[in-house]
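# Per-entry structural report
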Amino acid sequence: MSDDKNDKSKVTDKASEIARNIWLAGVGAYGRAVDEAQDRMEKAGMETPKLFRDLVKAGAALEDEARKGISSSKAARASVEDRIHRVRESFQLQLPARGEDLLALHEKIDRLTRKVDDLSAALAIQGSRKPAAKKKAASRRVTAKTKAATSRSRSGAKKPA
């Protein structure tokens, strides 16, 4: 049984040694983290003005870019508004129509309507003259045929088919 006790104590000693090493590794990691944090705090204290200056430079650069973007968008907007203004002027849509403009337009429309009516009447008169001439020619033919048919029937000749 003494061998069992020796074996158990060896295993226990080995386990204790492993546990102690794990503990010491944790303490060492904590110590190193504290040392690194203190070093960084000291460096940050010395580098704070430099870090601040770098941040100010970066901010100034971003501000310049933003101003350029804003000014270019303002210029683009002004350009578009100018184009719209020119188009409106060219089509005279900038100002609403006045009453006198509308009256002048109505007068023009009335004059054009009268001209169209006059032209339509003239065309109707011309169109009615041509068929009358055709009717006279047709009536002359019918009269000639009737006379021929009448003279044949009196003479006893057969009618042509």
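Below is a summary of the structure that appears in this document.

Taken together, the side chains of W23, L24 and V27 make up a nonpolar region of the molecular surface, amounting to roughly 320 Å² of accessible area. By the secondary structure assignment, W23 is in helix α1 (residues 2-90).

Enumeration over the complete set of coordinates arrives at three salt bridges. Across the salt bridge formed by R77 and E81, the nearest N and O atoms sit 3.1 Å from each other. Here E81 and R77 lie together in helix α1, a separation of four residues that amounts to about one turn. Note on R77: relative accessible area 59%, which makes it exposed. Looking at E81, the relative accessible area reads 43%, which means it is partly exposed. With a closest N to O distance of 3.3 Å, R86 and D82 form a salt bridge.

Here we come to a negative patch on the surface. Together, D35, E36, D39 and E42 give the surface a local cluster of negative charge. Relative to the helices and strands, D35 is located in helix α1. Residue D35 is classed as partly exposed on the basis of its relative accessible area, which comes to 45%.

The next subject is a positive patch on the surface. A grouping of K108, R111, R114 and K115 is seen on the molecular surface, where their side chains present a positively charged patch. On the secondary structure map, R111 appears in helix α2 (residues 99-155). For R111, a relative accessible area of 44% gives the class partly exposed.

Calculation criteria
- Residues numbered from 1 in each chain as written.
- Predicted model: local features only at pLDDT ≥ 70, side-chain atom pairs only at ≥ 80, totals over all residues.
- Heavy atoms only, no water.
- Patch = residues over 30% accessible without salt bridge, like charges linked within 9 Å, V, L, I, M, F, W, Y side chains within 5 Å.
- Areas by Shrake-Rupley, 256 points an atom, 1.4 Å probe, with all protein chains shown as cover.
- Salt bridge = Lys/Arg side-chain N within 4 Å of Asp/Glu carboxyl O.
- Helix = DSSP H or I, 4+ residues; strand = E, 2+ residues; numbered from the N terminus.
- Buried < 20%, exposed > 50% of the residue type's maximum accessible area, 1.4 Å probe, protein only.
- Lys, Arg positive; Asp, Glu negative; His and termini not counted.
- Charge placed at Lys NZ, Arg CZ, Asp CG, Glu CD.

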